[in-house]
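Here are the chains, one letter per residue:
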Amino acid sequence: MGEPYAEIHPDDAADLGLGVADLIEITAGSHKTRLRALPTDKVARGALFAPMHWTRQRLATDPVNAVIQTGTDPVSGQPALKAGHVTARKFDARWYGFVAAARTMSPVSDYCAIARTATGWQAELAGAIALDDAAALLERLVGPLRGDVSDMQDTRAGLRRIAHRVDGILEAVFYIGPDPVVVSREHAVALIGTDANTTAALSARRAGNVQDPGATVCACMGVGINDLHRALANGATTVEALGAATGAGTNCGACRPELASLLPDPLRTLAAE
């Protein structure tokens, strides 16, 4: 994923009022972190799992390690950073955003997770207070907007989209809404550094009949989740068949467990044996 996340049991997510793509706030003592909630039955009720590989330089809050006790093993000196007691609640965001840009970005807003991309950088954003000036926030992220700025607003729906160009080349796109932003992130990222037109940049959708591959599952072969679902619908019922149809899992193989998880339950069991 392009941002830090916390796996949470679906029943616990429901108890906290967490919906699809909502944010969870985790605290312990004086430390606090915010992560994307990922409901899954892979974790037990009452437990959370969050990967540790996100640094303070790319987050607006403490990294997840900060909310875990820092005791060390007396012999090896190995820090704990594995388990601890925390408090979790839903983070009530007033707005959500996604940015793809050519320039390096710095964390801003109540929630901000920045990641490297093939064309520059991307950031997932959210805030607890209504966003008054989206263009100013974009400037805080990427620097002065010197060039052409295209701005599309739907005041009734609370949606706003901004595209920034310099000498005809797309430098940044910013999508904002009252709910978690639903755009093709891979497509938006791919437009950075190109001469994509305003419509393509603001819609974040592929033109014509070109199908959106969706979130990348197989990085080696560039296969997205939508590609895999199409292959499943067309009769690919094994990991090998998915590989033959899309190329996924045919290089390093690291994504094969995720491919197996997409199969219908009876076939998934056979694939795991």
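As shown above, the structure is provided for reference.
Everything in this summary refers to the structure shown in the same document. In every chain, residue numbers begin from 1 and rise along the written sequence. Given that the model is predicted, a residue must reach a pLDDT of at least 70 before its local features are reported, and side-chain atom pairs must reach 80 or more before they are shown or counted; all residues, however, enter totals for whole chains, interfaces and linings. Side-chain numbers here rest on the full set of heavy atoms in the structure, without hydrogens or water.

## A look at the overall build of the protein
Numbered from the N terminus, helices here are DSSP runs of H or I no shorter than four residues, and strands are runs of E no shorter than two. The secondary structure content of the protein amounts to eight helices and 13 strands. Whether two residues are in contact is decided by their heavy atoms: any pair within 4.5 Å suffices. A separation of at least 24 residues holds for 57% of the contacts in the protein among residues at least 6 apart in sequence. Per-residue and other accessible areas follow the Shrake-Rupley method at a 1.4 Å probe size, with only the shown protein chains counted as cover for residues. Surface accessibility of the protein: about 14400 Å² in total, with carbon and sulfur atoms responsible for 51%.

## Description of the packing of aromatic side chains
Planes of paired rings set the category: under 30 degrees apart is stacked, over 60 is edge-to-face and the rest tilted, where pairs are Phe, Tyr or Trp rings (Trp by its six-membered ring) whose centres lie within 6.5 Å. The final tally for this structure, using the stated rule, is one aromatic pair. Plain terms: the ring middles of Phe-98 and Tyr-175 are 6.4 Å apart, the flat faces sit at 15 degrees to each other, and that makes the pair stacked. Here the residue Phe-98 occupies a position in strand E6 (residues 95-101), and Tyr-175 occupies one in strand E11 (residues 169-177), the gap between them amounting to 77 residues. With a relative accessible area of 1%, Tyr-175 lands in the buried category. By definition here, charges over rings are those cases where NZ of Lys or CZ of Arg is within 6 Å of the ring centre and within 35 degrees of the ring normal. Of note, Arg-185 hangs over the ring of Phe-98, and the distance from its end group to the ring centre comes to 4.7 Å. Residue burial is assigned from relative accessible area. The probe radius is 1.4 Å, only protein chains are included, and a residue is buried under 20% of its type maximum, exposed over 50%, and partly exposed in between.

## Points about the environment of Leu-228
Turning to its location among the elements, Leu-228 is positioned in helix H5 (residues 225-233). For Leu-228 and Leu-262, which are 34 residues apart along the polypeptide, the C-alpha to C-alpha distance reads 8.4 Å. Ignoring any residue separated from it by four or fewer positions in sequence, one finds Leu-228 in contact with Val-217, Val-223, Leu-242, Thr-246, Ala-248, Leu-259 and Leu-262.

## Regarding the nonpolar core
Grouping buried Ala, Val, Leu, Ile, Met, Phe, Trp, Tyr and Cys residues that are joined through side-chain atoms within 4.5 Å yields what is termed a nonpolar core. Counting 25 residues, the largest nonpolar core has Phe-98, Ala-126, Leu-170, Val-173 and Tyr-175 as the members making the most contacts within it. Listing elements by their share of this core, those giving two or more residues are E6, strand E7 (111-117), E11, helix H3 (185-191) and helix H4 (198-203). Of all hydrophobic cores here, the second largest spans 20 residues; its members include Cys-112, Ala-123, Leu-141 and Ala-172.

## Some remarks on the packing of H5 against helix H6 (residues 239-246)
An axis is simply a line fitted to the C-alpha atoms; with a helix, the fit covers only the stretch in contact. Between two such axes, the angle follows the N-to-C directions and lies from 0 to 180 degrees. Orientation of H5 relative to H6, taken along the N-to-C sense of each, is 115 degrees, at an axis distance of 10 Å. With respect to their mutual orientation, H5 and H6 come out roughly perpendicular. Of the two possible hands of crossing, H5 and H6 adopt the one that is right-handed. In contact with Asp-227, Leu-228, Ala-231 and Leu-232 of H5, H6 contributes Leu-242, Ala-245 and Thr-246. Note that the term roughly parallel is reserved for angles under 35 degrees, roughly antiparallel for angles over 145, roughly perpendicular for angles of 65 to 115, and oblique for everything else. If you view the pair so one helix is near and one far, a crossing is left-handed when the near helix is turned anticlockwise from the far one by less than a right angle, and right-handed when it is turned clockwise.

## Observations regarding the sheet that holds strand E9 (residues 148-154)
Strand order in this open sheet of six strands is E7-E8-E6-E11-E10-E9, and the pairing throughout is antiparallel. Of all strands in the sheet, those with a lone pairing partner are E7 and E9, marking the two edges. Strand-to-strand twist in this sheet, taken as the mean axis angle between neighbours without regard to direction, amounts to 10 degrees. Strands were regarded as paired on the criterion that DSSP finds at least two bridges between them. As defined by bridge partners, E7 adjoins strand E8 (residues 120-127) across seven bridges and the pair is classed as antiparallel. Each residue of the ladder has a partner; that of Cys-112, found in E8, is Leu-125. Helix-sheet contacts for helix H2 (residues 134-142) involve E6, E7, E8, strand E10 (159-166) and E11, and the interaxial angle to E10 is about 50 degrees.

## Let's talk about the sheet that holds strand E2 (residues 23-28)
The strand order E4-E1-E3-E2-E5 describes an open sheet built from five strands, whose pairing is mixed. Looking along the sheet, the strands with just one partner apiece sit at the ends: strand E4 (48-49) and strand E5 (87-91). Of the pairings in the sheet, the one linking strand E1 (residues 5-8) to strand E3 (residues 31-39) comprises four bridges and is parallel in character. The residue of E3 that forms the bridge with Ala-6 is Ala-37.

## So, unusual backbone geometry
For Ser-109, which is not glycine, the phi torsion reads 75 degrees and is therefore positive. Summarising the element assignment, Ser-109 is placed in the loop between E6 and E7. Even without a glycine there, the phi angle at Asp-167 is positive, about 55 degrees. As for its position among the elements, Asp-167 is in the loop between E10 and E11. A residue is classified by how much of its surface remains accessible, and Asp-167, at 77% relative accessible area, is exposed.

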